[in-house]
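Take a look at the letters that make up each chain.
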Amino acid sequence: MNPPLTSQPELPLNFHSDSNSSESINAVISTTPSPHCILCGKPGILLFKNLEDHLYGAPGKWNLVKCESPDCGLIWLNPAPKADQISKAYRQYYTHDKGSETFFRKLFKNLYFKISQIPEYCVGLAQARKRMKALYLDQQFPGNMLDIGCGDGLYMHHMQKLGWKTEGIDFDEKALNRARFFYGLNVRQIDLFDASYPDGTFTAVTLRHVIEHLPDPLATLSECLRILSPGGTLVVVTPNSESLGYGLTFEDWRGLEIPRHLHIFSWTTLKLCAKRLGIPPEQYQVFTTATGADYILDESFALQERLTDQKQAQTGPKTIHFLRTLRAIALQYREQLSLRFDPSIGEEAVLIIHKK
Ligand SMILES: [Zn+2]
């Protein structure tokens, strides 16, 4: 999930994804039962039934369940795609691909950037955005880092400018080609476990909007900690199911993204992840942020209307929906201000682990 208000170069046309045959797109995704919570082992209670993928048109109807434990509340797909079937959910999934935009949409975004600077600074959003842009590594001495799910490398490019030596992995070869083409980055199409990095290779490992896609997120986080050097930092950013946006849009909330998001985390469940990984409280922090709220809320309202950016991108240049977007922006300010009184309400949750 990429915030829409970041500046990125336009793509050469030949970098856009190819269309797939309707036969392969509609291939049935075989599933397997997943009755128990991966964090606490408790059963899940049905939350939403027969959901469809209105973003990228993956086949099937999907149920989301929520852990019955009030101390947990993890949300997950049950049944879930079988491990060898997950790729079918990504047949039309174009990561980090903005598509083209109408003149008025670009004009509105430019105006928004200029006009919003002062109020964003006043409520603390500008400062929060700056920290999120570096995934909270901006106050650390630069070292070498691995970005898992690096996509088109915009984040790695930013970190290189801050002095970091960067490496990235992703499954999306087209996005990786963009990373090589635009920024000349060191990126590979390889699974983290297949990469077999030696112990303590990196001073930082980052996963932005990755763990919700994984069948076994705890195993991946353990592997990240293994390849992190002592004193290194692991940063995880994921949609927060305790957010204001979820409370407003429920099954249409952008963070659910069935069936690609297998587990939906939260402020509470990220803390449980750290606990399950055996991390002492003084070595990790969990908080939520409203920095992505304008995008997530706008897309969630679009999903309610069944008129998403992705759907627009398939039919022509993306246009602007003033009232919807203004509502999302207003709610972002409300969310940012509410964080002072309710730290769980941000649209994204962040886990930062400092390895000893
Ligand atoms: Zn649980």
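Residues numbered from 1 in each chain as written. Predicted model: local features only at pLDDT ≥ 70, side-chain atom pairs only at ≥ 80, totals over all residues.

S.K.: How would you sum up the sheet that holds strand β6 (residues 144-148)? Please name residues and give values.
M.R.: Read across the open sheet, the seven strands follow the order β8-β7-β6-β9-β10-β13-β12; overall the sheet is mixed. For this open sheet the edge positions go to β8 (187-188) and β12 (284-289), each flanked by a neighbour on one side alone. (Pairing = 2+ DSSP bridges. Helix = DSSP H or I, 4+ residues; strand = E, 2+ residues; numbered from the N terminus.)

S.K.: Kindly report on the pairing of β6, identifying the contributing residues and their values.
M.R.: Where burial is concerned, most of β6 is hidden: four out of the five residues are buried. Pairing analysis gives five bridges linking β6 to strand β7 (residues 165-169), with the strands arranged parallel. Note on β7: the bridge partner recorded for N144 is K165. Taken together, β6, helix α4 (residues 154-161) and β7 constitute a β-α-β crossover, and its handedness is right-handed. The pairing of β6 with strand β9 (residues 202-208) spans four bridges and is parallel. Within β9, the position partnered with D147 by the bridge is T206. (Buried ≥ 20, exposed ≤ 12 C-beta atoms within 10 Å, placed from the backbone. Right-handed = clockwise from strand over helix to strand, strands pointing away.)

S.K.: How would you explain α4 if you had to name every residue and give the values?
M.R.: Residues of α4 that are buried include every one of L154, Y155, M156 and M159, and no others. On its buried side, α4 packs onto β6, β7 and β9. Trailing α4 by a residue or two, G163 shows a phi angle of about 105°, which is positive. (Contact = placed C-beta atoms within 7 Å.)

S.K.: Lay out the pairing of strand β13 (residues 348-354) with the relevant residues and their values.
M.R.: Where burial is concerned, most of β13 is hidden: five out of the seven residues are buried. Across seven bridges, the pairing between strand β10 (residues 228-239) and β13 is antiparallel. Looking across to β13, one finds that L234 is bridged to I353. In terms of strand pairing, β12 meets β13 through six bridges, oriented antiparallel. Each bridged residue has a counterpart across the sheet, and for Y284 the counterpart in β13 is I353.

S.K.: Tell me about the nonpolar core, and name the residues and values.
M.R.: Nonpolar side chains tend toward joint burial in soluble globular proteins. Counting residues in hydrophobic clusters, the biggest one holds 63 residues, and the most contacted among them are V205, V236, L270 and L351. For V205, the residues in contact, after removing those within four places along its chain, are M145, L146, I148, C224, I227, L228 and L234. One finds L125, Y295, A302 and L331 within the second-largest nonpolar core, a separate group that totals 14 residues. (Core = buried A, V, L, I, M, F, W, Y, C linked by C-beta atoms within 7 Å.)

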